[in-house]
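Chain by chain, the residues:
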Amino acid sequence: MIRSRKRPTRAALGPFAALAAAALIALSPARLGAYSLEDRVQRVTLENGLKVLLVERHTSPTVALYIRHLVGAADEAEGRSGAAHLLEHMLFKGTTTIGTKNFGEEQRVLKRIREAGAALDRERMKGAGADESELKRLAQALKELQSEAREWVVENEIDRLYTENGAVGLNASTGQDVTTYKVSLPSNRIELWARIEADRMTNPVLREFYTERDVVMEERRQTYESVPARKLMELFLATAFTASPYRRPVIGWPSDIAFLSPDDLETFFRQYHAPGNTVIAVVGDIDAAGTLELVKRYFGPIPAHPPVPRRVTEEPPQNGQKRVTLAADANPHLIIGWHKPTLPSFEDYVFDVIEALLSKGRTSRFHRAIVQGKQLAEEVSAVNGMPGARYANLFMVSGTPRHPHGPDELEEAVYEEIERLKTEPVQKRELEKIINQLRAEFIRELNSNAGLASRLSYYEIIAGDYRYMTRYIEMIEKVTPKDILETAKKYLTEENRTVAVLRKQVKP
Amino acid sequence: MKKALALSLALVLLSAGLCPADDAKGGPAAPPWPDPDRLTYGEIRFSPPKPERVVLENGLTLYTLEDRELPLVQVSFIVGAGSVFEPEGKAGLAELTGDAMRTGGAGKLGGDQVDEQLEYLAAPVSVNLGMEYGTGSLSVLKKDLEKAFGIFADILRRPAFEEAKVEQARNLKIEELRRVFDQPQRLAFREYRRVLYAGNPRGRLPEIATIASIGREDVAAFHRAHFFPRNLRIAITGDLSKEEALALVERHFGDWDDEGDFGTAPHPKPREQAPLYYYPRKGPQSTVIIGTIGPGKESPDFYPFTVLDHILGSGGFRSRIFQEVRSSRGLAYSAGSFYEGRQGYGTFGAYAMTKTESTGQVLSVLQAILKDARESRMPAQDIHLAKRAIVNSYIFSFTSSHMIAFQHMALEFQGLPVKFLTEYPAKIDAVNREDVLKVAEKYLDPDRWTVFVLGDEGRFDEPLKSFGTVKRIP
């Protein structure tokens, strides 16, 4: 459930460049066991609380750079859903020294834009009671100020600087838990990244705010409202969680996005993009000591911000099945979820094993029994840990029935496999297969700078220690058939589940 | 060759620090930070290793590159088998053949046994037959190489095409096609392809009826026709020597002397005076695509057109379409262009997804941007930026041994010389404003565009007929 910025990119050498890159992710190498990777990771905490992870890999003269902040949609205040994601968009708009021809002049116009935007939004909030002519007048006033501001703006400078210097994979994403800014560069250009990112963490300017808010509305139309499967997911999460912040879509509810203000984002930024809430990972062709000096020089002076206490509404226990239907002019779709604890609880590892048993590969139970055997579905998959990992989350199954079979038949077939988990102990070979696969995947991921930077920084920020990842297989190996039986019996129950069904309905 | 590439890369990366400074800086908030355009960077020296190329007696070509960093072996192949070679009425045959090769059993193993063995070894195999060619892969721990490679070879040479698995592949594809209509963007690009390539085999798309007509015999015949040693190239990299790789391939493919059909298909041509195609579909957003046939990868126009495409819409946030449609007007989340130089032709398109009520406005903006490219020379600074971006990121084409071997294999498959790789940065660097204008004039002719709009016309801001003759599909 991570929102990404869709960025047009050139297919470097035609089809094959992209293809080879894809092949790389799917296939790759390692003599690196858990401990040798730990030997290669340097972890340093700067005085302001910023954590830095460094790994030297000299395969090619390139480097992957990840910045993660422990903040996401789950931290938004009521009525401000979408703030984390819109802020992520806005942080591409530049700083006081990047993206402006004259910040002093620009600042004056920006202030007036903010007032004009707030006035317009106040009128719009009246809804049906809004004064049409007033709306028009205020919109026109905003528009004029926006053109005035444009004279001072150098648009998309951050992207230009990176692109011109050969960046690939420049992107950002916002999830429920974490916000991420990432890029890969030729390894001689790390200073450019440090210059831009430290500035972005210190002096961002929320220019072109109201236009970007419209862009996010388009993003919502494109990636949620036009796609029935995504709408179903939104409805499913909003139903499964009653109190937890995980009930809200990361992109935000449309009526919340429509009234987000620069002030909302600034508050959010100050609280959560602070160094103590941030992990950086640098992986590639670097001299770790030199790179650390560079990071200290740019990021070290960012003032520490006292940690913000997080008041999190906990999801109360569920005491009965919840069901919800989405009627849409689309083929049927089914989502089922059960509440469960998150990492690093042992049960979360057990659910990782259950996920693999049910849906990893063509020999998985769902594929064998439902896609190939009964041929009820086009696809059925299980995912552990939706929609985030900071708080108690869901074990989720989703599937698409194969015509003429419907979602109810599919649901029954899923429950048959769930019941098997509670009654039949898993065979040794099936567990071995899963461990073989997880081990090989771990090794393959280590072969890419970006993959490694991504995982190290993710687990450092979410689990508080990247070694969650290096010690993962050891933990998985501890999971016994009995653990699986007990965990399934405890959590995968009717009263603990939520079912969302998309049923086809053609509107007249 | 190795030296030339090293040199050109070093040169490029060095020159990057010497760009003329942007004059749009300054102001009262004088930075405690250095001007990011004036940062200087050390030199990079990098000689990507060169894979070894061996041709077996039977004509199968092998690329190998030893890389002992990790105990893994990666294998890829390219085969001249794609949907362009499908017989009339059997659209979807190539894709189904690939699916059934992977799932329908191989050699002495049934389909389920293949799955069991590969998944127990954690050695994924893929087979994907696309439009112009097919590719596939195997990734395996060195210790399991012999066993997994044997299965991989059987999948390529001796697929069993179990009837039940062919039927499953067919049924799953039919379900996928039924569900295309639930995804407006996917539907739009699929239908756009049909009209862009009208009259060419590339415009024939799988339909439920064509898939339903494909039987085991069709799949087996397609495999027989296109999988033979002289039509297959394999790249093996990782924890093994060239000799080991060669011996492995000799053992599993050396006695294979089949011949077959290389296949031919005419290159597509741009449409002349095509109508504007409208695909009605209710929903909150429209998809607008304007595209045409561009230069092939072997053409000298490939380089200036690559620069042109970068400036127009594939060069990130600063590219014109993105900037105009998204950043300045807030009319889209996804907007840009794509260009892919293929063998003998290329495909170019500009696109945006916008709310129904701004469809006409977005179509006008896209058309204006494309027209402007052929009416006036691009500013030197835009050309400079695009060239630097392309050349500076080129190093990412060489970030792993397998990627390098794959590049070499793919180039040969496309009939391009190895020097293509070494000359690419210099040829991009040599592109000037006139070159870009010339390719824009040549390829971006409004009379040869294909314009496609999917959406709900009743709610558009402008009727489509104000843009020309409209042809409604379906």
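Residues numbered from 1 in each chain as written. Chains lettered and ligands numbered in written order. Predicted model: local features only at pLDDT ≥ 70, side-chain atom pairs only at ≥ 80, totals over all residues. Heavy atoms only, no water.

A word on the overall build of chain A
Okay, step 1: Counting its secondary structure elements, chain A contains 20 helices and 13 strands.
Okay, step 2: In terms of overall dimensions, chain A is globule-like: its C-alpha atoms have a radius of gyration of 24 Å, near the 23 Å expected for 508 residues.
Okay, step 3: The dimensions of chain A, computed from C-alpha atoms along their principal axes, are 70 × 65 × 50 Å.
Okay, step 4: Counting every position in chain A, which comprises 508 residues, the buried fraction comes to 63%.
Okay, step 5: If you take every contact in chain A between residues at least 6 apart in sequence, the share linking residues at least 24 apart comes to 84%.
Okay, step 6: When the accessible area of chain A is evaluated, it comes to approximately 18,900 Å², of which 52% is carbon and sulfur surface.
Okay, step 7: Within chain A, one finds 71 positive and 70 negative side-chain charges whose respective centroids are separated by 2 Å. (Helix = DSSP H or I, 4+ residues; strand = E, 2+ residues; numbered from the N terminus. Rg over C-alpha atoms; globule rule 2.2 N^0.38 Å. Buried < 20%, exposed > 50% of the residue type's maximum accessible area, 1.4 Å probe, protein only. Contact = heavy atoms within 4.5 Å. Areas by Shrake-Rupley, 256 points an atom, 1.4 Å probe, with all protein chains shown as cover. Lys, Arg positive; Asp, Glu negative; His and termini not counted. Charge placed at Lys NZ, Arg CZ, Asp CG, Glu CD.)

Quick notes on the packing of helix H2 (residues 93-103) of chain B against helix H5 (residues 163-180) of chain B
Residue and element names in this part refer to chain B.
Okay, step 1: Two elements in contact, H2 and H5, have axes separated by 9 Å at closest approach and are oriented at 135°. The orientation of H2 relative to H5 falls into the category oblique. As H2 runs across H5, the sense of the crossing is right-handed. Along its contact with H2, which presents Glu95, Leu96, Asp99, Ala100 and Thr103, the element H5 presents Lys165, Val166, Ala169, Arg170, Lys173 and Glu176. (Axes fitted to C-alpha atoms, helices over the stretch in contact; angles between N-to-C directions. Parallel < 35°, antiparallel > 145°, perpendicular 65-115°, else oblique. Left-handed = near helix turned anticlockwise from the far one by under 90°.)

Concerning the nonpolar core
Okay, step 1: In terms of nonpolar packing, the biggest core is built from 73 residues, with Tyr162, Trp193 and Phe299 of chain A touching the most fellow members.
Okay, step 2: Top element by residues in this core is helix H7 (residues 190-202) of chain A. It accounts for seven residues.
Okay, step 3: Setting aside chain neighbours within four positions, we find Trp193 of chain A in contact with Leu65, Ile67, Tyr162, Val183, Leu185, Ala198, Ile280, Val282, Val295 and Phe299 of chain A.
Okay, step 4: With 72 residues, the next largest nonpolar core counts Ala169, Leu187, Ile234 and Val249 of chain B among its residues. (Core = buried A, V, L, I, M, F, W, Y, C linked by side-chain atoms within 4.5 Å.)

Thoughts on the packing of aromatic side chains
Okay, step 1: One pass over the full model with this rule turns up 41 aromatic pairs over all chains.
Okay, step 2: An angle of 80° between the planes, with centres 5.0 Å apart, marks the rings of Tyr458 of chain A and Tyr459 of chain A as edge-to-face.
Okay, step 3: A relative accessible area of 15% places Tyr459 of chain A in the buried class.
Okay, step 4: Arranged with centres 6.5 Å apart and planes meeting at 70°, the rings of Phe77 of chain B and Phe227 of chain B form a pair that is edge-to-face. Here the residue Phe77 of chain B occupies a position in strand E3 (residues 72-79), and Phe227 of chain B occupies one in the loop between helix H8 (216-226) and strand E6 (232-238), the gap between them amounting to 150 residues.
Okay, step 5: One aromatic cluster is present, built from ring pairs that chain together Phe302, Tyr303, Phe305, Tyr339, Phe348, Tyr394, Phe398, Phe420, Tyr424 and Tyr443 of chain B.
Okay, step 6: In this structure, Arg429 of chain A is placed above the aromatic ring of Tyr120 of chain B, and the distance from its NZ or CZ to the ring centre is 3.7 Å.
Okay, step 7: When the ring centre of Phe317 of chain B is taken as reference, the NZ or CZ atom of Arg326 of chain B above it lies at 5.5 Å. (Phe/Tyr/Trp six-rings, centres within 6.5 Å; stacked < 30°, edge-to-face > 60°. Lys NZ or Arg CZ within 6 Å of the ring centre and 35° of its normal.)

Brief notes about the confidence of the model for chain A
Detailed reading of the predicted coordinates is not advisable wherever pLDDT falls low.
Okay, step 1: When pLDDT is averaged along chain A, the result is 92, and 93% of the positions lie at 70 or above.
Okay, step 2: Note on residues 11-35 of chain A: pLDDT under 50 across the span, and 71 contacts to partners over four residues away in sequence or across chains. (pLDDT = per-residue confidence, 0-100.)

Topic: the interface of chain A and chain B
Okay, step 1: Counting from both sides, the interface comprises 109 residues of chain A and, opposite them, 117 residues of chain B.
Okay, step 2: The interface formed by chain A and chain B contains 10 salt bridges.
Okay, step 3: Across the salt bridge formed by Asp112 of chain B and Arg368 of chain A, the nearest N and O atoms sit 3.9 Å from each other.
Okay, step 4: Where chain A meets chain B, there are 39 residue pairs in polar contact (both at pLDDT 80 or more).
Okay, step 5: The biggest single contributor to the side of chain A that touches chain B is helix H8 (residues 209-225) of chain A, with 10 residues.
Okay, step 6: A breakdown of the residues in the side of chain A that touches chain B according to their chemical character gives 37 nonpolar, 37 polar and 35 charged. (Salt bridge = Lys/Arg side-chain N within 4 Å of Asp/Glu carboxyl O. Polar contact = N/O pair within 3.5 Å; in protein donor to acceptor, adjacent residues only side chain to side chain. Nonpolar A, V, L, I, M, F, W, Y, C, P; charged D, E, K, R; others polar.)

Notes on the pairing of E6 of chain B
Residues and elements named next belong to chain B.
Okay, step 1: Most of E6 sits inside the fold, with seven of its seven residues counted as buried.
Okay, step 2: Where burial is concerned, the two faces of E6 agree: the one with Leu232, Ile234, Ile236 and Gly238 and the one with Arg233, Ala235 and Thr237 are both buried.
Okay, step 3: Inspection of the sheet shows E3 paired to E6 by seven bridges, in the antiparallel sense. By the bridge assignment, Val79 is partnered in E6 with Leu232. (Pairing = 2+ DSSP bridges.)

Overview of the pairing of strand E10 (residues 346-355) of chain B
All names here are of chain B.
Okay, step 1: Burial runs high along E10: nine of the 10 residues are buried.
Okay, step 2: As paired elements, strand E8 (residues 285-294) and E10 share 10 bridges and run antiparallel to each other. Considered in E10, the bridge of Ile293 is made with Thr347.
Okay, step 3: Both strand E9 (residues 335-341) and E10 contribute to a ladder of seven bridges, which runs antiparallel. The residue of E10 that forms the bridge with Ala335 is Ala352.
Okay, step 4: Taken together, E9 and the strand that follows it, E10, pair antiparallel across an intervening segment of four residues, in which Gly344 is found at a positive phi of about 90°.

A closer look at the sheet that holds strand E5 (residues 134-141) of chain B
Residues and elements named next belong to chain B.
Okay, step 1: Read from one edge to the other, the open sheet built from six strands follows the order E1-E2-E6-E3-E5-E4, with strand pairing classed as mixed. Strands at the two margins of the open sheet, each flanked by one partner only, are strand E1 (52-55) and strand E4 (125-129). Recorded for the sheet is a direction-independent mean angle of 15° between the axes of neighbouring strands.

A word on the sheet that holds E8 of chain B
Residues and elements named next belong to chain B.
Okay, step 1: What the six strands build is an open sheet, ordered E9-E10-E8-E11-E7-E12; its pairing is mixed. Bordering the open sheet on either side are E9 and strand E12 (470-472), each of which pairs with just one other strand. Going across the sheet, the axis of each strand differs from the next one's by a mean of 20°, ignoring polarity.
Okay, step 2: Across the sheet, helix H6 (residues 184-196) touches strand E7 (276-280), E8, E9, E10 and strand E11 (450-455), and the angle it forms with E8 is around 30°.
Okay, step 3: In the packing of helix H10 (residues 302-314) onto the sheet, contacts are made with E9 and E10, and the angle to E9 comes to roughly 165°.

Looking at the pattern of salt bridges
Okay, step 1: Within the structure shown, the criterion is met by 96 salt bridges over all chains.
Okay, step 2: Lys173 of chain B serves as the salt-bridge partner of Glu176 of chain B, at 3.2 Å between the closest nitrogen and oxygen. Taken together, the residues Glu176 of chain B and Lys173 of chain B, both in helix H5 and three residues apart, mark about one turn of the helix.
Okay, step 3: For Glu176 of chain B, a relative accessible area of 21% puts it in the partly exposed group.
Okay, step 4: Taken together, the shared-partner salt bridges in this structure form one network comprising Glu157, Arg160 and Glu164 of chain A together with Asp37, Arg318 and Arg388 of chain B.

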